[in-house]
Amino acid sequence: MAEYVVYYRVSTERQGRSGMGLEAQRAMVEQFLQPADNVIAEYTEIQSGKRDDRAELWNAINLVKKTRSKLLIPKLDRFSRKVSFISGIIDQGIELGNWLDRFRLLRRF
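The present account deals with the structure reproduced in this document. (Residues numbered from 1 in each chain as written. Predicted model: local features only at pLDDT ≥ 70, side-chain atom pairs only at ≥ 80, totals over all residues. Heavy atoms only, no water.)

Regarding the overall build of the protein
Part 1 of the reasoning: Each helix and strand counted, the protein has six helices and four strands in total.
Part 2 of the reasoning: Secondary structure of the protein in N-to-C order comes out as β-α-α-β-α-β-α-α-β-α.
Part 3 of the reasoning: Counting all 109 residues of the protein, 39% fall into the buried class.
Part 4 of the reasoning: Intrachain contacts of the protein at a sequence separation of at least 6 include 71% that bridge at least 24 residues.
Part 5 of the reasoning: In the structure as shown, the protein presents an accessible area of about 6800 Å², 51% of it carried by carbon and sulfur atoms. (Helix = DSSP H or I, 4+ residues; strand = E, 2+ residues; numbered from the N terminus. Buried < 20%, exposed > 50% of the residue type's maximum accessible area, 1.4 Å probe, protein only. Contact = heavy atoms within 4.5 Å. Areas by Shrake-Rupley, 256 points an atom, 1.4 Å probe, with all protein chains shown as cover.)

Right, here's the structure in full:
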């Protein structure tokens, strides 16, 4: 069993209102989760991925640190557009989970 904090992001209010971007991300998370997995919290943000000062992202990261859970993101580009930002978060000990992780794991066996 794994515990996750889920972070969803869309870039524009239009994407957020239409639900198209968020629906696709939620579907990816549902596909990823195993029956024994636990989602502690979900955070949703309408903000550019170019910005690192996103309030909901930092709320999610802080909860991950507090609970020692994993940050689950449907797609890496929903987290950040900057590799340096992503690597900095990983260097802080934040464990990331995304659907590619599980896909790669399944492909090895």
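Looking at the environment of Arg9
Part 1 of the reasoning: Structurally, Arg9 can be placed in strand β1 (residues 3-10).
Part 2 of the reasoning: With 65 residues separating them in the primary sequence, Arg9 and Pro74 have C-alpha atoms 9.3 Å apart.
Part 3 of the reasoning: Engagement of the side chain of Arg9 in a polar contact is seen with the side chain of Ser11, the distance being 3.1 Å. (Polar contact = N/O pair within 3.5 Å; in protein donor to acceptor, adjacent residues only side chain to side chain.)

Overview of unusual backbone geometry
Part 1 of the reasoning: With a phi close to 60°, Arg68 is a non-glycine residue in the positive phi region.
Part 2 of the reasoning: With respect to the helices, strands and loops of the structure, Arg68 is situated in the loop between α3 (55-67) and β3 (70-72).

Some remarks on the pairing of β1
For a regular strand, side-chain orientation follows a simple rule: the groups alternate between the two sheet faces.
Part 1 of the reasoning: Taken across its eight residues, β1 has seven buried, putting it largely inside the fold.
Part 2 of the reasoning: Here β1 pairs with β3 via three bridges, running parallel. When the bridges of β3 are listed, Val6 appears paired with Leu72. (Pairing = 2+ DSSP bridges.)

Details of the nonpolar core
Part 1 of the reasoning: Val5, Tyr43, Ile61, Leu71, Phe79 and Ile94 are the most contacted members of the largest nonpolar core, which totals 17 residues.
Part 2 of the reasoning: Of all elements in the fold, only β1, β2 (38-46), α3 and α5 (83-91) reach the threshold of two or more residues within this core.
Part 3 of the reasoning: Considering every element that reaches this core, the biggest residue donor is α3, with five residues.
Part 4 of the reasoning: With sequence-adjacent residues up to four places away left out, Phe79 is seen in contact with Arg54, Leu57, Ile61, Leu71, Ile73, Phe85, Ile86, Ile89 and Leu96.
Part 5 of the reasoning: Core analysis: the second largest hydrophobic core is formed by 10 residues, Val10, Leu22, Phe32 and Leu33 among them. (Core = buried A, V, L, I, M, F, W, Y, C linked by side-chain atoms within 4.5 Å.)

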